[in-house]
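Fold and contact review
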Amino acid sequence: MHLKFQNFLQQEKKMEKKKPYLAVILVQCIYAGMFLVSKAAFDGGMNNFIFVFYRQAAATVLLIPLALLFEWRTAPPLSLGTFCKIFMLSLIGITLSLDINGVALVYTSATLAAATTNCLPVITFFIAVLLRMEALRLKTIAGLAKLVGILICLAGALTLAFYKGPHFKLFCLHHLFGHHHSPTLPSPTSSVGEAWIKGCLLMLLSNTCWGLWLVLQGLVLKNYHSKLLFTALQCLLSTFQSFAIAIGLERDPYQWRLGWNLRLLAVAYCGIVVTGVTYYLQAWVIEAKGPVFLAMSTPLNLIFTIFCSAVLLCQFITAGSLLGGVLLIAGLYSVLWGKTKEQRMMDDENCLPAHHVDKGCTELKVVGAS
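Parameters and conventions
- Residues numbered from 1 in each chain as written.
- Predicted model: local features only at pLDDT ≥ 70, side-chain atom pairs only at ≥ 80, totals over all residues.
- Heavy atoms only, no water.
- Helix = DSSP H or I, 4+ residues; strand = E, 2+ residues; numbered from the N terminus.
- Buried < 20%, exposed > 50% of the residue type's maximum accessible area, 1.4 Å probe, protein only.
- Contact = heavy atoms within 4.5 Å.
- Lys, Arg positive; Asp, Glu negative; His and termini not counted.
- Salt bridge = Lys/Arg side-chain N within 4 Å of Asp/Glu carboxyl O.
- Core = buried A, V, L, I, M, F, W, Y, C linked by side-chain atoms within 4.5 Å.
- Axes fitted to C-alpha atoms, helices over the stretch in contact; angles between N-to-C directions.
- Parallel < 35°, antiparallel > 145°, perpendicular 65-115°, else oblique.
- Left-handed = near helix turned anticlockwise from the far one by under 90°.
- Nonpolar A, V, L, I, M, F, W, Y, C, P; charged D, E, K, R; others polar.
- Phe/Tyr/Trp six-rings, centres within 6.5 Å; stacked < 30°, edge-to-face > 60°.
- pLDDT = per-residue confidence, 0-100.
- Expected span 1.5 Å × (residues − 1).
- Bend = angle between axes of the 7 residues up to and from the residue.
- Polar contact = N/O pair within 3.5 Å; in protein donor to acceptor, adjacent residues only side chain to side chain.

All right, on to the overall build of the chain then. Within the chain one finds 13 helices and 2 strands. A buried classification covers 45% of the 370 residues belonging to the chain. In the chain, the proportion of contacts linking residues at least 24 apart, taken out of those at least 6 apart, comes to 89%.

Secondary-structure assignment places Glu71 in the loop between helix 2 (48–70) and helix 3 (80–107). With no salt bridge to any partner, buried Glu71 finds its closest opposite charge in Lys227, at an N-O distance of 6.2 Å. Residues in contact with Glu71, not counting those within four places in the same chain, are Leu66, Ser226, Lys227, Leu228 and Leu229.

The nonpolar side chains of a soluble globular protein tend to be buried with one another. Tyr31, Tyr54, Trp213, Leu214, Phe230, Tyr279 and Met296 are the most contacted members of the largest nonpolar core, which has 71 residues in total. Here this core gets 10 residues from one element, more than from any other, and that element is helix 2. Setting aside residues up to four positions removed in sequence, Phe230 forms contacts with Ile86, Leu89, Gln217, Val220, Leu221 and Tyr224.

Two elements in contact, helix 2 and helix 8 (residues 227–249), have axes whose closest approach is 7 Å; the angle formed by their N-to-C orientations is 155°. As the angle between them shows, helix 2 and helix 8 are arranged roughly antiparallel. Judged by the sense of rotation from one axis to the other, the crossing of helix 2 with helix 8 is left-handed. For the contact of helix 2 with helix 8, the residue count by class is 20 nonpolar, 6 polar and no charged.

What follows deals with the environment of Ile152. With respect to the helices, strands and loops of the structure, Ile152 is situated in helix 6 (residues 141–162). Separated by 172 residues in sequence, Ile152 and Gly324 place their C-alpha atoms 9.4 Å apart. Discounting residues that sit within four places of it in the chain, Ile152 has contacts with Leu327, Ala330 and Gly331.

All right, on to the packing of aromatic side chains then. For the structure on display, the rule yields 6 aromatic pairs. With a centroid separation of 5.3 Å and 45° between ring planes, the pair formed by Phe53 and Tyr54 is classed as tilted. A residue is classified by how much of its surface remains accessible, and Tyr54, at 19% relative accessible area, is buried. For Phe53, a relative accessible area of 13% translates into the label buried.

Okay, the confidence of the model for the chain next. Mean pLDDT for the chain: 76, with 78% of residues reaching 70 or above. When the elements of the chain are averaged for pLDDT, helix 13 (residues 359–369) gives the smallest value, 30, and helix 8 the largest, 91. In this model residues 354–370 is a low-confidence stretch, pLDDT under 50, and it forms 4 contacts with partners more than four residues away in sequence or in other chains.

Here helix 2 spans 33 Å end to end across 23 residues, near enough to the 33 Å set by a 1.5 Å rise per residue. By the largest-angle criterion, Leu63 marks the main kink of helix 2, which is about 25°, and a proline, Pro65, follows within four residues. Two to three positions downstream of the cap, the backbone nitrogen of Phe49 sits 2.9 Å from a side-chain oxygen, assigning the N-cap of helix 2 to Asn47.

What follows is the structure in structure tokens.
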């Protein structure tokens, strides 16, 4: 009986270690669905700024009651300084990031936008290094693996953006939204235009805001542990911010109408599932594993999107997308391997037997504790 109980505890520990990995996979699957429905809504003529407001409002309506019900009594006091930090996080990482990303899509293609989003791990990594939240030890194998993984991810994103190659077509079940778009990728000549350059710069700015949001969330969560209330407050503040931007840029009443159509589906999915569920999961993963771990899972979003676009939207798959996807996955696991190896080395150092710990190490531990 005692042996069975020990085996049960060991299985529980293994599942606890796997939860962050399962969480990031679920997050990226949800983001892939967001790409499909939001792209269809924009193609149908929906204004991007109004779309961001509606999705944030839907998420707020979902999260505020849940946060008040489950975490209001146990939540730490919200100081003015913490509130201002959350306000700026909402403005930079949610409102401005989503609005700028929507504008960038006007100047670039969806494929190019998805490819440049995979530069997010590079941006997040350097921001984390600058803020000393992530270490880059080039003299160790783990540090080199992380650096090589980042470079491979960047090479994969560039391959997806600039190389097409032969075209393939998977088995198409049914076009999800009943209308077809051009399955081809932008031609290389479009990359020299002013609109393309402007779109790339805006997309880079959007990803920078997103990466900064991922990193700074970890700092705020150290002092404010209520993740659900933290997420709900960000959505509430972003709703007011995005409404101010949308009402200032779009005054046509027709654009604000939502009927029983694809617009409502896109708003409900992105507001309730994407903003409501994934933001909470992301906050949990950041607290458990750190911001770079979450950012390194973003290539999975592109892989899922490519597959779903081919099967549900009947779009072609190119050799460039397959090659870029392989590079992104290789880079992802290289960085994750490096982070796992570093974590094991730190655990081994903290768990050394007493006769292996020298005086200098003991003194460092005492100073750290004091």
